[in-house]
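For reference, the chains in residue letters:
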Amino acid sequence: MQINKLIDEIHELNLAYLLLAQRLINEDRASARFRLKIDDEMADLLQELNARQLTRLSRVNQLLCHFGHDSAEQLRQLTHNPREQGLAQFHASLLMASRPAVSSAAEG
Amino acid sequence: MSNKSLLLEMQQVQLAIDLIELGARLQVLETETDLSRARLIRLFKEVRGMSPPKGMLPFSTDWFITWMPNIHSSLFYNIFLRLQEDHGCERMEAFIKAYQLYAEQVETDDAETVLGLTRAWTLVRFFESDLLQLSTCTRCAGHFVAHAYSPVHDYVCGICQPPSRAGKTRKRQQREGVQAQAVEQPAALAHHHLA
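Residues numbered from 1 in each chain as written. Chains lettered and ligands numbered in written order. Predicted model: local features only at pLDDT ≥ 70, side-chain atom pairs only at ≥ 80, totals over all residues. Heavy atoms only, no water.

A. Up close: the overall build of chain B. Counting its secondary structure elements, chain B contains seven helices and two strands. Put simply, chain B runs from its N terminus to its C terminus through helices and strands in the order α-α-α-α-α-α-β-β-α. For chain B, the proportion of contacts with a sequence separation of at least 24, taken over those separated by at least 6, is 51%. For chain B, the accessible area works out to roughly 11,200 Å², and carbon and sulfur atoms hold 53% of it. (Helix = DSSP H or I, 4+ residues; strand = E, 2+ residues; numbered from the N terminus. Contact = heavy atoms within 4.5 Å. Areas by Shrake-Rupley, 256 points an atom, 1.4 Å probe, with all protein chains shown as cover.)

Okay, here's the thing in structure tokens:
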């Protein structure tokens, strides 16, 4: 079944995302929080998760990592800029950099 | 100097080393650390293997508003604000990390590091003395560096609307080279006939 294969891929991606997040946080906490858009409390929690907890979190039928751009309008401006000057990646990075971290309190 | 904590002094030396490695001028180090000028010069020589360059720092806000510098400055400053405001980084920690993250994107893009570290520092200082502001682009909603008190209601950034004379990047020219050849060939042939 095609859909089962896709769900397997979601599980894999979720797990890979969590493992990457932990490695980023261990490497350089402040930069990791910037890259992941998470607050301090969330960084603490993620860092402490054990293999069993990571697996459980991953095995859902939805993606754990969320889309990095705010609106379709903004994304269109990035991908369909009629006056594109080879700065699309820079533009994308700039727009994502201005996004605040998701607060774990607000998420709850 | 003598009653200063050793640990504090070590942190200052480390900060100076980090800044020197990223390309800071002496004036930056003198402002941001309590180390003496003589020690900073020695440190600079040891880290970079040469004497610190002399001369004044750039002092005009205008550079940050010109097209390509504006884009680079805006990327850096967005990262800096994020680290300082959201992630509770102390000012200089946020500055160094933001500069590294900016340089990382430049490297990914295979672009030129338009914003040097000393310029980036000047930018932060200009913001701190309210000479610059962030304006929101009405098309992409990105935040871009602008002169303080400049109008914001119909602001469009330099990426959404590049100035007509904006130069194409070398990378883009290479990419378009193949396409351009097809167009140029008839012209080249015509040239041949004339010759």
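B. Geometry of the packing of helix 1 (residues 6-21) of chain B against helix 3 (residues 37-48) of chain B. All names here are of chain B. Helix 3 packs onto helix 1 with a crossing angle of 50° between their chain directions and a minimal axis gap of 10 Å. On the basis of the axis angle, helix 1 is oblique to helix 3. Here helix 1 runs over helix 3; the crossing is right-handed. Counting all contacts with helix 1, which are made through Glu9, Val13, Ala16, Ile17, Ile20 and Glu21, the residues of helix 3 involved are Arg39, Leu40, Leu43, Phe44, Val47 and Arg48. Each residue belonging to the contact of helix 1 with helix 3 can be placed in one class, and the counts come to eight nonpolar, no polar and four charged. (Axes fitted to C-alpha atoms, helices over the stretch in contact; angles between N-to-C directions. Parallel < 35°, antiparallel > 145°, perpendicular 65-115°, else oblique. Left-handed = near helix turned anticlockwise from the far one by under 90°. Nonpolar A, V, L, I, M, F, W, Y, C, P; charged D, E, K, R; others polar.)

C. Region of the structure containing the side chain of Ser93 of chain A. Counting through the fold element by element, Ser93 of chain A comes out in helix 6 (residues 88-97). Excluding residues that lie within four positions of it along the chain, Ser93 of chain A makes contacts with Leu75 and Gln105 of chain B.

D. Spatial organisation of the pairing of strand 1 (residues 132-136) of chain B. Residue and element names in this part refer to chain B. As defined by bridge partners, strand 1 adjoins strand 2 (residues 143-147) across five bridges and the pair is classed as antiparallel. Each bridged residue has a counterpart across the sheet, and for Thr136 the counterpart in strand 2 is His143. With antiparallel pairing between neighbouring strands as the criterion, strand 1 and strand 2 make up a hairpin whose turn holds six residues, including Ala141 at a positive phi of roughly 65°. (Pairing = 2+ DSSP bridges.)

E. View of the packing of aromatic side chains. Residue and element names in this part refer to chain B. Under the criterion given, the structure shown has eight aromatic pairs over all chains. Aromatic pair Phe76 and Phe80: ring centres 6.1 Å apart, planes at 20°, arrangement stacked. Of this pair, Phe76 and Phe80 both sit in helix 4 (residues 67-86), four residues apart, which is roughly one turn of that helix. Each member of the pair, Phe76 together with Phe80, is buried. On the basis of an interplanar angle of 50° and a centroid distance of 5.6 Å, the ring pair of Tyr99 and Tyr102 is categorised as tilted. Residue Tyr99 and its partner Tyr102 are located together in helix 5 (residues 91-108), separated by three residues, close to a single helical turn. Residue classification places Tyr99 among the buried positions, given a relative accessible area of 5%. (Phe/Tyr/Trp six-rings, centres within 6.5 Å; stacked < 30°, edge-to-face > 60°. Buried < 20%, exposed > 50% of the residue type's maximum accessible area, 1.4 Å probe, protein only.)

F. Expanded view of the pattern of salt bridges. All names here are of chain A. Enumeration over the complete set of coordinates arrives at 11 salt bridges over all chains. The shortest N-O distance in the salt bridge between Arg33 and Asp40 comes to 3.1 Å. With relative accessibility at 7%, the residue Arg33 sits in the buried group. Under the relative-accessibility criterion, Asp40 is labelled partly exposed at 35%. (Salt bridge = Lys/Arg side-chain N within 4 Å of Asp/Glu carboxyl O.)

G. A look at helix 4 of chain B. Here helix 4 of chain B is 20 residues long and its end C-alpha atoms lie 28 Å apart, about the 28 Å a rise of 1.5 Å per residue gives. Phi turns positive one or two residues past the end of helix 4 of chain B, at Gly88 of chain B, with a value near 60°. (Expected span 1.5 Å × (residues − 1).)

H. Quick peek at the interface of chain B and chain A. Tallying the contact residues gives 41 residues for chain B and 26 residues for chain A. Its largest share of buried area at the contact with chain A, chain B owes to Arg82, His87 and Ile159 of chain B, together 20% of the area lost on that side. Remark: the boundary between chain B and chain A carries two salt bridges. Where Lys97 of chain B meets Asp28 of chain A, a salt bridge forms, and the shortest distance between an N and an O atom there is 3.2 Å. Scanning the region where chain B abuts chain A turns up 10 residue pairs in polar contact (both at pLDDT 80 or more). (Buried area = accessible area lost by both parts, 1.4 Å probe. Polar contact = N/O pair within 3.5 Å; in protein donor to acceptor, adjacent residues only side chain to side chain.)

I. Spotlight on the confidence of the model for chain A. Residues with a pLDDT of 70 or more make up 94% of chain A, whose mean pLDDT is 89. Per-element confidence in chain A is highest for helix 4 (residues 51-58) of chain A, whose mean pLDDT is 96, and lowest for helix 7 (residues 104-107) of chain A, whose mean pLDDT is 48. (pLDDT = per-residue confidence, 0-100.)

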